[in-house]
Amino acid sequence: HSLLRGKHFITTQEWTKEELDMVLDVAKDLKRRFALGEPHRLLQDKTLFMMFFEQSTRTRNSHEAGMTQLGGHAHDLTPDKMQISHGEAPKDTAKVLSRYGHGIAIRNCFFGIGNKYIREVAKHSSVPVFNMQCDIYHPNQAMADLMTIKEKFSDDIKGLNVSVIWAYTKSYMKPLSVPQSQILLFPRYGMNITLAYPKEFPLMPEIVEQAKANAEAAGCTFRITHDMDEAFKGAHVVIAKSWGAQLTTTDEQESLALCEKYKDWICDERRMALAEKNAIYMHALPADRGNEVTDAVIDGPQSVVFDAAENRLHITKALLALCMGGRP
Ligand code: CP
């Protein structure tokens, strides 16, 4: 496990399948130990600096609670509490925080900036840097989703059909990071991907190309449709969530009108009935109830949204323990 000590976690694409398997394995063990109330202070007296450029419920609290349970501490930082607000260079922030603690975790979803910021910090940090979501990737979420799918299908996930589907919301500013991380990761575990979106809401072409290559390498399928109903047919896992448009206009009204055009892209009971009988419904949360999904689906028997949210804690603890801890 010491192989992962000091490693940055920015995208799952930069980790081997064996390394990702190790995270899943440790997360499962830590989940069991947490349920038993068995101490697992693997990061005794260690410090994680969390820098949040945006709001968060799950990511912030799973990291902070996780560090406490591992015997360490997490500092909850925002730009206004730091000299970032006065323009301090990311490399200077990286070098200073590296001297104070043992890990740096960052959420920065600013389009065209977030991933670059995290990579610049990682380049100059002597401690591991964790991506807590950027404009391109949300690897922690995708790992928690994978853990949840494995639990729900008793590890028999090869050949499952996963549909990653755009859903309506009033905001057109949402990052692409959740679906992009899901389509990159799941094919590596042998799951077939259907990606569905209105034509004005594509993901980044280079990510889709990489996801297709991952699917081809694993011998599974990757298809794209612009028909929401079509995406539900035969699905074992339905992930219906809004994401932003690759806007060709900066006009807010025009952009909102674009979203309104696809108001009927909602995950409801009729559509869930098109999926396999044992299909599960997932959403990274927060969900826009009534727009992305009906209450009947998200509160219904097929929904595993709170199990996935819970698994954020266990995946996070595994990542932190493996990268910040290990052999003394
Ligand atoms: N899914 C997720 O990352 O949730 P938060 O934005 O609340 O952290």
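- An unreviewed UniProt entry annotates the chain as Ornithine carbamoyltransferase originating from Anoxybacter fermentans.
- UniProt's Sequence similarities (unreviewed entry) comment on the chain is quoted here verbatim: "Belongs to the aspartate/ornithine carbamoyltransferase superfamily."

1. Quick notes on helix H7 (residues 205-218)
Thinking step 1. End to end, H7 covers 20 Å across 14 residues, agreeing with the expected 20 Å (1.5 Å per residue, within 8%).
Thinking step 2. For H7, every residue scored as buried is listed here: Ile207, Ala211, Asn214 and Ala215. One side of H7 holds all its buried residues, which, seen down the axis, span an arc of 100°. Projecting away from the buried face of H7 at angles above 90 degrees are the exposed residues Pro205, Glu206, Glu209, Glu216 and Ala217.
Thinking step 3. Of the residues trailing H7, Gly219 is marked for its positive phi of about 75°.

2. Observations concerning the packing of helix H5 (residues 139-152) against helix H12 (residues 305-324)
Thinking step 1. Between H5 and H12, the shortest axis-to-axis distance is 8 Å and the interhelical angle comes to 115°. Taken together, H5 and H12 sit at an angle that is classed as roughly perpendicular. Of the two elements, H5 crosses H12, and the hand of that crossing is right-handed. On H12, the residues that touch Asn140, Met143, Ala144, Asp145, Met147 and Thr148 of H5 are Asp307, Ala308, Asn311, Arg312, Ile315, Thr316 and Leu319.
Thinking step 2. Across the contact of H5 with H12, the residue classes break down as six nonpolar, four polar and three charged.

3. Some details on the sheet that holds strand E2 (residues 73-77)
Thinking step 1. Strand order in the open sheet formed by four strands is E2-E1-E3-E4, and the pairing between neighbours is parallel. Taken across any chain shown, the strands that pair with only one partner, and hence form the sheet edges, are E2 and strand E4 (129-134). Taken pair by pair, the neighbouring strands of this sheet meet at an average axis angle of 15°, ignoring direction.
Thinking step 2. Lying over the sheet, helix H4 (residues 114-124) contacts strand E3 (103-108) and E4, oriented at roughly 175° with respect to E4.

4. Concerning the site of the ligand
Thinking step 1. Taken together, Ser56, Thr57, Arg58, Thr59, Gln133, Gln141, Ala284 and Leu285 make up the full set of residues near the ligand.
Thinking step 2. Of the residues belonging to the shell around the ligand, the class tally is two nonpolar, five polar and one charged.
Thinking step 3. Residue contributions to the shell around the ligand reach at least three from each of two domains, namely domain 1 (2-138 + 312-324) and domain 2 (141-308).

5. A closer look at the environment of Lys152
Thinking step 1. With respect to the helices, strands and loops of the structure, Lys152 is situated in helix H5.
Thinking step 2. Taking the number of C-beta atoms within 10 Å as the measure of exposure, Lys152 has 20 and is therefore buried.
Thinking step 3. Measuring from C-alpha to C-alpha, the distance between Lys152 and Asp307 comes to 9.7 Å, with 155 residues separating the pair along the chain.
Thinking step 4. When residues no more than four places from it in sequence are discounted, the contact partners of Lys152 are Ile280 and Val304.

6. Looking at the domain arrangement of the chain
A common way to state how big an interface is: give the accessible area lost once the parts meet.
Thinking step 1. Each domain of the chain was delimited in the assignment, giving domain 1 (2-138 + 312-324) and domain 2 (141-308).
Thinking step 2. The straight-line distance from the C-alpha centre of domain 1 to that of domain 2 is 25 Å.
Thinking step 3. If you look at the interface, domain 1 gives 17 residues, while domain 2 gives 18 residues.
Thinking step 4. Sorting the residues of the side of domain 1 that touches domain 2 by element identifies helix H1 (17-36), E4 and H12 as the ones contributing at least two each.
Thinking step 5. Here the side of domain 1 that touches domain 2 takes four residues from H1, the largest share from any one element.
Thinking step 6. Taken together, the residues of the side of domain 1 that touches domain 2 break down into eight nonpolar, five polar and four charged.

Definitions and cut-offs
- Residues numbered from 1 in each chain as written.
- Predicted model: local features only at pLDDT ≥ 70, side-chain atom pairs only at ≥ 80, totals over all residues.
- UniProt positions renumbered as here; feature names shortened; annotations may be inferred.
- Helix = DSSP H or I, 4+ residues; strand = E, 2+ residues; numbered from the N terminus.
- Expected span 1.5 Å × (residues − 1).
- Buried ≥ 20, exposed ≤ 12 C-beta atoms within 10 Å, placed from the backbone.
- Arc of directions from axis to C-beta.
- Axes fitted to C-alpha atoms, helices over the stretch in contact; angles between N-to-C directions.
- Parallel < 35°, antiparallel > 145°, perpendicular 65-115°, else oblique.
- Left-handed = near helix turned anticlockwise from the far one by under 90°.
- Contact = placed C-beta atoms within 7 Å.
- Nonpolar A, V, L, I, M, F, W, Y, C, P; charged D, E, K, R; others polar.
- Pairing = 2+ DSSP bridges.
- Near = placed C-beta within 6 Å.
- Domains from an automatic or database assignment.

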